[in-house]
Amino acid sequence: MIFVVGGDLASAAADAVVRPATTTLDLIDPALRTLDAAAGPRFAEQRRLRQQLAPGAAVVTGAGDLAAEFVVHAVLGMSAETVTPDAVSKAVAAALWQCTQWHITTLACPAVGAPALTTAESAAVILPIIREHMRNADHPTTVLVILSDPQDQETFTARLGQG
């Protein structure tokens, strides 16, 4: 099941959270700074890389001090300016594949692709990928799209209803 809910990722009751990231696992969406702050210094250590990742990839790390056990980093590009819908699509598909490999049951995610994509564009890109994955895979069984803005929640809920 896919649910659109209010709140913030840092306190999500989920096995893992999706964190949109650069190719070096730096935060790509400044609106999610609270996620990194809540995860604490241990999280910074857990996400250290030896080499850059390709846009469209996903990698799982520990979640530091977050409520979730894991963070699935969706690699969107070298910077927010380089994010494309194609990279978002590939990164979300890769993140979902990681959930299958790690047996992650409940996944929480933001509007992946922001700020490069609008909320409506993000919904149009990620919801079909999530639906298709969930039809064909055992994990995750639940995806929580967590959005703090009520208008963004409405946008995702409307898109979710379009099926």
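What counts and how
- Residues numbered from 1 in each chain as written.
- Predicted model: local features only at pLDDT ≥ 70, side-chain atom pairs only at ≥ 80, totals over all residues.
- Heavy atoms only, no water.
- Helix = DSSP H or I, 4+ residues; strand = E, 2+ residues; numbered from the N terminus.
- Expected span 1.5 Å × (residues − 1).
- Bend = angle between axes of the 7 residues up to and from the residue.
- Buried < 20%, exposed > 50% of the residue type's maximum accessible area, 1.4 Å probe, protein only.
- Phe/Tyr/Trp six-rings, centres within 6.5 Å; stacked < 30°, edge-to-face > 60°.
- Contact = heavy atoms within 4.5 Å.

## Looking at helix H1 (residues 33-46)
- Given a rise of 1.5 Å per residue, 14 residues ought to cover 20 Å, yet the end C-alpha atoms of H1 are separated by just 17 Å, more than 12% below that figure.
- A maximum bend of about 105 degrees is found in H1 at Gly 40, where proline Pro 41 lies one to four positions downstream.
- Along H1, the residues that are buried comprise Leu 35, Asp 36, Ala 39, Gly 40 and Phe 43.

## What about the packing of aromatic side chains?
- For the structure shown, the criterion picks out 1 aromatic pair.
- On the basis of an interplanar angle of 65 degrees and a centroid distance of 5.0 Å, the ring pair of Phe 70 and Trp 102 is categorised as edge-to-face. Residue Phe 70 is located in strand S4 (residues 70-77), and its partner Trp 102 is located in helix H2 (residues 85-102); the two are separated by 32 residues in the primary sequence.
- The exposure class assigned to Phe 70 is buried, which follows from its relative accessible area of 17%.

## What to know about the environment of Ala 95
- As for its position among the elements, Ala 95 is in helix H2.
- Separated by 21 residues in sequence, Ala 95 and Ala 74 have C-alpha atoms that sit 6.0 Å apart.

## Points about the environment of Gly 40
- Within the secondary structure, Gly 40 is located in helix H1.
- Under the relative-accessibility criterion, Gly 40 is labelled buried at 14%.
- The spacing of Gly 40 and Phe 3 is 37 residues in sequence and 27 Å in space, taken between C-alpha atoms.

## Let's talk about helix H3 (residues 119-136)
- Here H3 contains 18 residues, and its C-alpha end-to-end distance of 26 Å stays within 8% of the 26 Å for a straight helix at 1.5 Å per residue.
- Residues of H3 that are buried include every one of Thr 119, Ser 122, Ala 123, Val 125, Ile 126, Leu 127, Ile 129, Ile 130, Arg 131, His 133 and Met 134, and no others.
- Buried residues along H3 sit against strand S1 (2-6), H2, strand S5 (106-109), strand S6 (142-147) and helix H4 (150-161).

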